[in-house]
2 protein chains.
Amino acid sequence: MPGLDFDPIERAGQLWEEHVGPADSMRLATSLMRVHQLLLAELDAAVKPLGITFARFEVLRLLSFSSRGSLPLSKIGQRLMVHPTSVTNVIDRLAADGLVNRTVDAVDRRRVLASLTADGRRVLDAATEALTAIDFGLRSLPAGQQREAYELLRVLRTPDFEG
Amino acid sequence: MPGLDFDPIERAGQLWEEHVGPADSMRLATSLMRVHQLLLAELDAAVKPLGITFARFEVLRLLSFSSRGSLPLSKIGQRLMVHPTSVTNVIDRLAADGLVNRTVDAVDRRRVLASLTADGRRVLDAATEALTAIDFGLRSLPAGQQREAYELLRVLRTPDFEG
DNA sequence: GTCCAATACTCTGACATCCTACTAAATTTT
DNA sequence: AAAATTTAGTAGGATGTCAGAGTATTGGAC
């Protein structure tokens with residue numbers, strides 16, 4: 001890095017972003033990492049008083065939207081795009097806290113069905129309220145730009161679809 | 001990415017997102033979570049043959065841009081916006097693999113300085129090449145939209161500044 | 001009908017992250 | 001100069017994530 005008249009250390013964070021070859025993609029990738037870290041920290045903090053994390057909130061929310069009131073773990077994994085072991089992990093903790101029930105599917109005994117308990121419903125409602133109150137950690141972004149960002153990211157969520 | 005299944009028929013899970021009340025912010029928040037998961041998995045896979053993770057790549061990259069060739073751990077934490085213990089963790093693993101050196105700062109003996117080894121430099125170069133080859137997992141997003149997304153997310157990365 | 005492949009989940013281990021202390025060193029106060 | 005405070009890093013524990021291996025169940029091939 002030749003010819004710098006300011007402290008290179010203090011500027012390194014910005015420097016690589018502006019000088020390195022594949023600047024745009026690297027910038028966006030690292031930016032997504034940072035935003036995720038900050039956002040998740042804020043969302044976790046918002047629901048922490050209720051004894052859950054944002055990951056658990058997402059599971060509870062998913063269960064509340066299932067028509068039968070229950071979902072096989074594999075389905076939860078597909079929806080949240082997480083590994084089967086992650087689902088088992090989170091469901092175990094939710095069950096230990098009495099927020100969900102686990103039952104073996106009578107039709108296909110390989111399956112485990114998770115469903116909300118009354119407590120789970122209460123916690124979900126309170127968490128939804130808490131998260132809505134902080135605008136899901138996105139109040140610094142105007143509503144219109146939230147939509148834009150959502151549309152831009154849509155393609156990245158569906159890697160192998162429609163080009 | 002085994003365990004991830006994108007059956008379009010089952011994607012009804014995303015439908016509700018468009019019907020619920022505080023739709024925009026919740027949609028964007030969950031979208032960011034999914035994109036992060038998918039992106040990180042792809043980036044980790046790209047550098048896995050080199051024996052590192054994307055988190056370690058970010059640390060190596062940061063060290064390579066420091067003028068003195070070393071950085072105190074606290075500075076690394078600030079740049080990557082992660083907890084001090086996370087830095088200690090990653091540096092420990094990098095040092096165990098011989099990719100960085102740890103030395104106590106002679107000026108301020110509270111500080112620990114991390115610096116790249118020759119091996120670390122080699123791994124960093126190879127990782128940069130591997131990540132560039134896959135466009136940092138963002139090839140499905142056109143360059144112009146990558147810039148747009150970056151600009152939109154900027155505000156979320158700097159919650160305290162309004163620059 | 002039996003055997004085999006696919007599916008659903010669990011178990012163990014690795015990783016990165018956070019939080020709450022805690023120690024050591026430097027800086028500020030008094 | 002001594003004490004209090006701040007700063008840098010570490011230790012231990014929890015969480016969520018993934019990968020690999022293993023068990024149980026189902027469903028298809030023969």
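The structure contained in this document is the topic of the report that follows. A quick note: this is a predicted structure, and the numbers were derived from the prediction, not measured.

Moving on to the environment of Asn-101 of chain B. Residue and element names in this part refer to chain B. Inspection of the secondary structure puts Asn-101 in strand β2 (residues 100-104). Its 17 C-beta neighbours within 10 Å are what place Asn-101 among the partly exposed residues. Setting aside chain neighbours within four positions, we find Asn-101 in contact with Ser-115 and Thr-117.

A separate point is the protein's contact with DNA strand D. In the vicinity of DNA strand D, 27 residues are found, and the nearest of them are Thr-53 and His-83 of chain A together with Ser-74, Thr-88 and Arg-110 of chain B. Listing elements by their share of the surface near DNA strand D, those giving two or more residues are α3 (54-64) and α5 (84-96) of chain A together with α1 (23-47), α3 (73-80) and α4 (84-96) of chain B. Here the element with the most residues in the surface near DNA strand D is α5 of chain A; it accounts for five residues. For the surface near DNA strand D, a count of residues per class yields ten nonpolar, ten polar and seven charged.

All right, on to the environment of Ile-91 of chain B then. All names here are of chain B. For Ile-91, the location among the structural elements is in helix α4. Taking the C-alpha atoms as reference, Ile-91 lies 9.8 Å from Ser-115; in sequence the two are 24 residues apart. For Ile-91, the contacting residues outside a window of four places in its chain are Val-59, Leu-73, Val-100, Arg-102 and Ala-114.

It takes a turn of 180° to lay chain A on chain B, together with a shift of 0.0 Å along the axis; the resulting RMSD is 0.1 Å. Overall, the copies show the geometry of a two-fold rotation axis. Residue by residue, 77% of the interface of chain A is reproduced at the interface of chain B, so both copies engage with the same surface.

Okay, the sheet that holds strand β3 (residues 112-116) of chain A next. Residues and elements named next belong to chain A. Within the open sheet, the three strands sit side by side as β1-β3-β2. Their pairing is antiparallel. Bordering the open sheet on either side are β1 (70-72) and β2 (100-104), each of which pairs with just one other strand. Strand-to-strand twist in this sheet, taken as the mean axis angle between neighbours without regard to direction, amounts to 30°.

About the criteria used
- Residues numbered from 1 in each chain as written.
- Chains lettered and ligands numbered in written order.
- Predicted model: local features only at pLDDT ≥ 70, side-chain atom pairs only at ≥ 80, totals over all residues.
- Helix = DSSP H or I, 4+ residues; strand = E, 2+ residues; numbered from the N terminus.
- Buried ≥ 20, exposed ≤ 12 C-beta atoms within 10 Å, placed from the backbone.
- Contact = placed C-beta atoms within 7 Å.
- Near = placed C-beta within 6 Å.
- Nonpolar A, V, L, I, M, F, W, Y, C, P; charged D, E, K, R; others polar.
- Least-squares fit on C-alpha atoms with pLDDT ≥ 70 in both.
- Pairing = 2+ DSSP bridges.
- Axes fitted to C-alpha atoms, helices over the stretch in contact; angles between N-to-C directions.

The analysis is restricted to geometry; functional conclusions fall outside its scope.
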